[in-house]
Amino acid sequence: MVQGTANWNTEETQEWLQQYVDDWVAFYRKHTGDGHVASYIPELKNADPDDLGIVIIGKDGMSVKSGDTEIPFTMQSISKAITFIVACMERGVSYLLQRVDVEPTGEAFNSIMHLEMKQVKKPLNPFNNAGAITVSSILPGDTSNERLEPVFQLLENMLGHRPAMNHDVFKSERDSSTRNRAIGYYLLEVGFLESDLDVTLETYFKQCSIDVTIDDLARIGMILANDGMDPKNDVEIIPRQIARITKVLMLTCGMYDASGKFATYVGIPAKSGVSGGILAAVPPRVRDESMPFTRGCGIGVYGPALGDEGNSVAGIRLLRHIATQWDLSIF
Ligand SMILES: NC(=O)CC[C@H](N)C(=O)O
């Protein structure tokens, strides 16, 4: 590891960083064979399991990219962080937190068991399917497109372009999603949904089908790391309190039933999706100026081969390696 260099934004240090990250991506690409591409949404089967890529964008504009960085993929569960933010911005934080809790479940992302077994008064968090579908029912608007308009607007504000929806993935999930329909009917029966079930599920399937790249994820992560401010122009895109709660949820619930292990071995607020993306927000840290990205950064990772919990298997190992090498953990 390169030590003792406070200014990483020089041509020489950029080259070193690039070399390191290229080597790590090449090494962890071999780990993609330990996972499987999601197949329960038929359209996701088309992803190449060997793909692996990473983009890191620092608050100061410095960036490193390596591997398969250009491939668009659908946000899937990463969208849950965005709709939670938008619902908080539209309806207020306390309104949201009265309807969705902030507790990790320790269960699979699409589990329904805890809702019934614990007789909870609200879904346990907005990042599992039950909580996210509830959030989709809270977004204002009569149609799914109306509800998603502020979601697209927020994404556009962060990315500088409006992402597109992948209609093939949307239809594929809509036409195959027996489990999410079951969750939706359960939520309807216990009175957790704020609005029509069909519109709510359509909203949820569409939000999961928004196409992004890891460059987009790194940008979103960098803004979250910077407490919702865009460092380019010091404009507040996400209110600070909402950015803070979102990062708490990313850390405690963002990687589903692997969140505890991810916090232990990586230690960064992150949100994964079954298409293989990971959005991570690394807050500024002060303890070691000799490390890169000490002022904070956003990270986007793509690796569609998933482990048992539905997270990118090589992506997590790559993040763990980088977090250890560069001391990125918030703990
Ligand atoms: N973990 C995920 O990314 C799940 C999202 C997916 N659309 C689902 O509801 O099953």
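What comes next concerns the included structure. (Residues numbered from 1 in each chain as written. Predicted model: local features only at pLDDT ≥ 70, side-chain atom pairs only at ≥ 80, totals over all residues. Heavy atoms only, no water.)

1. A closer look at the packing of aromatic side chains
Turning to step 1, where the next piece is worked out: If you walk through the whole model with that rule in mind, you get nine aromatic pairs.
Turning to step 2, where the next piece is worked out: Measuring from centroid to centroid gives 5.7 Å for phenylalanine 293 and tryptophan 326, while their planes differ by 40°, and the two rings are tilted. Highlighted residues: phenylalanine 293 in the loop between strand E8 (277-282) and strand E9 (297-302) and tryptophan 326 in helix H13 (residues 313-326), separated in sequence by 33 residues.
Turning to step 3, where the next piece is worked out: Residue tryptophan 326 is classed as buried on the basis of its relative accessible area of 1%.
Turning to step 4, where the next piece is worked out: Chaining the aromatic ring pairs together yields one cluster made of Tyr20, Trp24, Phe293 and Trp326.
Turning to step 5, where the next piece is worked out: Note that arginine 99 overlies the ring of tyrosine 95, its terminal NZ or CZ placed 3.5 Å from the centroid.
Turning to step 6, where the next piece is worked out: Across the ring face of phenylalanine 170, the terminal group of lysine 206 is positioned such that the distance to the ring centre comes to 5.5 Å. (Phe/Tyr/Trp six-rings, centres within 6.5 Å; stacked < 30°, edge-to-face > 60°. Helix = DSSP H or I, 4+ residues; strand = E, 2+ residues; numbered from the N terminus. Buried < 20%, exposed > 50% of the residue type's maximum accessible area, 1.4 Å probe, protein only. Lys NZ or Arg CZ within 6 Å of the ring centre and 35° of its normal.)

2. Notes on the site of the ligand
Turning to step 1, where the next piece is worked out: Lining the immediate surroundings of the ligand are 13 residues, of which Tyr40, Gln76, Ser77, Glu173 and Tyr204 lie closest.
Turning to step 2, where the next piece is worked out: Glutamine 76 is positioned with one of its side-chain polar atoms (N or O) 2.6 Å from a nitrogen atom of the ligand.
Turning to step 3, where the next piece is worked out: Between the ligand and the protein, one listed contact pairs an oxygen atom with a side-chain N or O atom of asparagine 129 at 3.1 Å.
Turning to step 4, where the next piece is worked out: Compared with its free state, where it exposes 300 Å², the ligand has 100% of that area covered by protein. (Near = heavy atom within 4 Å. Polar contact = N/O pair within 3.5 Å; in protein donor to acceptor, adjacent residues only side chain to side chain. Areas by Shrake-Rupley, 256 points an atom, 1.4 Å probe, with all protein chains shown as cover.)

3. Describing the environment of valine 102
Turning to step 1, where the next piece is worked out: With respect to the helices and strands, the residue valine 102 is situated in the loop between helix H3 (93-99) and helix H4 (113-117).
Turning to step 2, where the next piece is worked out: Expressed as a C-alpha distance, the spacing of valine 102 and leucine 124, which sit 22 residues apart in the sequence, is 6.0 Å.
Turning to step 3, where the next piece is worked out: Apart from residues lying up to four places away in sequence, valine 102 is in contact with Leu97, Leu124, Asn125 and Leu249. (Contact = heavy atoms within 4.5 Å.)

4. With respect to the packing of helix H6 (residues 144-159) against helix H10 (residues 214-225)
Turning to step 1, where the next piece is worked out: Between H6 and H10, whose axes approach to 9 Å, the crossing angle comes to 90°. Here H6 lies roughly perpendicular to H10, going by the angle between them. Facing Leu155, Met158 and Leu159 of H6, the residues of H10 in contact are Asp216, Arg219, Ile220 and Ile223. (Axes fitted to C-alpha atoms, helices over the stretch in contact; angles between N-to-C directions. Parallel < 35°, antiparallel > 145°, perpendicular 65-115°, else oblique.)

5. Some details on the packing of helix H2 (residues 78-91) against helix H5 (residues 129-138)
Turning to step 1, where the next piece is worked out: It is at 9 Å that the axes of H2 and H5 come closest, and there the two elements cross at 40°. For the element pair H2 / H5, the angle class is oblique. Remark: the crossing between H2 and H5 carries left-handed chirality. Contacts between H2 and H5 involve Lys80, Thr83, Phe84, Ala87 and Arg91 on the former and, on the latter, Asn129, Ala132, Val135 and Ile138.
Turning to step 2, where the next piece is worked out: Of the residues in the contact of H2 with H5, the class split is five nonpolar, two polar and two charged. (Left-handed = near helix turned anticlockwise from the far one by under 90°. Nonpolar A, V, L, I, M, F, W, Y, C, P; charged D, E, K, R; others polar.)

6. So, the pairing of strand E2 (residues 63-67)
Turning to step 1, where the next piece is worked out: Bridge count for strand E1 (residues 53-58) against E2 is five bridges, and the pairing is antiparallel. Within the sheet, the bridge partner assigned to glycine 53 lies in E2 and is glycine 67. (Pairing = 2+ DSSP bridges.)

7. Examining H2
Turning to step 1, where the next piece is worked out: Spanning 14 residues, H2 covers 21 Å between terminal C-alpha atoms, matching the ideal 20 Å at 1.5 Å per step.
Turning to step 2, where the next piece is worked out: With 11 of 14 residues buried, H2 lies mostly within the body of the structure.
Turning to step 3, where the next piece is worked out: For H2, the set of buried residues is Ile78, Ser79, Lys80, Ala81, Ile82, Thr83, Phe84, Ile85, Val86, Ala87 and Cys88.
Turning to step 4, where the next piece is worked out: Once H2 ends, the next one or two residues include glycine 92, with phi positive near 95°. (Expected span 1.5 Å × (residues − 1).)

Any functional reading would require information that these geometric values do not contain.
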